[in-house]
Structures are given as C-alpha cells and as structure tokens.
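Observations on the model geometry
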Amino acid sequence: MSGTAQQANGLFDEALATYDRAAALHRRVGDGGREALAWHGTGETCRALARADEAAACHRRAAARFHELGDPWHEAVALDGLAAAVRSDDPAGARGHWETALVLLAGYGDQRTAALRDGITVRLGAAG
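Residues numbered from 1 in each chain as written. Predicted model: local features only at pLDDT ≥ 70, side-chain atom pairs only at ≥ 80, totals over all residues. Heavy atoms only, no water.

Topic: the pattern of salt bridges
For the coordinates displayed, the defined rule picks out seven salt bridges. Its salt-bridge partner being E54, residue R51 comes within 2.8 Å of it at the nearest N-O pair. The class for E54 is partly exposed, based on a relative accessible area of 39%. Its salt-bridge partner being R95, residue E99 comes within 3.6 Å of it at the nearest N-O pair. With E99 and R95 both in helix α6 (residues 91–105) and four residues apart, the pair spans about one turn of that helix. Classification of R95 as partly exposed rests on a relative accessible area of 28%. (Salt bridge = Lys/Arg side-chain N within 4 Å of Asp/Glu carboxyl O. Buried < 20%, exposed > 50% of the residue type's maximum accessible area, 1.4 Å probe, protein only. Helix = DSSP H or I, 4+ residues; strand = E, 2+ residues; numbered from the N terminus.)

What about the side chain of D80?
Here D80 shows up in helix α5 (residues 72–86). A distance of 3.0 Å separates polar atoms of two side chains, one belonging to D80 and the other to R123. Beyond its immediate sequence surroundings of up to four residues, D80 is in contact with W98, L116, I120 and R123. (Polar contact = N/O pair within 3.5 Å; in protein donor to acceptor, adjacent residues only side chain to side chain. Contact = heavy atoms within 4.5 Å.)

What to know about the packing of α5 against α6
Running from amino to carboxyl end, α5 crosses α6 at an angle of 165°, the nearest separation of the two axes being 8 Å. Judged by the angle between their axes, α5 and α6 are roughly antiparallel. By crossing handedness, the relation of α5 to α6 is classed as left-handed. On α6, the residues touching P72, W73, E75, A76, L79, D80, L82, A83, A84 and V86 of α5 are P91, G93, A94, H97, W98, T100, A101, L104 and L105. Of the residues that constitute the contact of α5 with α6, the class distribution is 14 nonpolar, three polar and two charged. (Axes fitted to C-alpha atoms, helices over the stretch in contact; angles between N-to-C directions. Parallel < 35°, antiparallel > 145°, perpendicular 65-115°, else oblique. Left-handed = near helix turned anticlockwise from the far one by under 90°. Nonpolar A, V, L, I, M, F, W, Y, C, P; charged D, E, K, R; others polar.)

With respect to α5
Spanning 15 residues, α5 covers 21 Å between terminal C-alpha atoms, matching the ideal 21 Å at 1.5 Å per step. Where burial is concerned, most of α5 is hidden: 13 out of the 15 residues are buried. (Expected span 1.5 Å × (residues − 1).)

Next up, the structure:
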C-alpha cells in the first residue's frame, strides 16, 4: 500500500515508514523528484499528526529539492504544505510561502493548478 493510501486510511505510522523507505530508495537511485515527493508526503503525514515542526522541515526539504530540479509546480505544492505547517507559529512566513507559490504557479493554466491557486488565495485571505 502506498504512503498516500495509508495516510488516507489513518495508518499514519505506516505511512511515515513507507515515505521514509521511498525517500531513501529514490535518493540511492538518484531520482530527486520522487525523493522530494516522499518528503512532501512525510510532511503531509506529520501535519495530520499535529507535528508541525517536523512537517515544516519535510516540506522545506521537498521545496528545496523541487527548486533544485527546476520543478516550479511541485515546488509550489510543497510551499503550500510548508505554509500550512508554519501558519500558527509564523503567519508572516506562511504568507510569504503562499505568495511565492502563487508566483510559481503563474505560468500554468490547467484546472488542477487553478484549484490549487484558488485554495492558496483563500488561505491567504484567511491568514489576513
């Protein structure tokens, strides 16, 4: 079962172990994009467990890797997760991450991106 499926089924400890194995495997084989996806999944799982500091660290790592890889869409997704993780302790930082994510998404016009952009805009308004 994938980490995403485990998380969706409330199997958070199992999801963390799956994402950890995936990150290590993809790092070994040199697949930075999939490694970063595993870090993002770990961050999402940590956020679900109310472990904001760990979630923020994972999302930061994912965003940095996506940035290195020149993948602005996934970088924006990771920054959205990072903003959500730091929002209570650092509202200004969260705002900055969301604003950066919107800039990164500007070049995309598909429905999935529009939904992400709309969600970030709502979260920015709520963080107001």
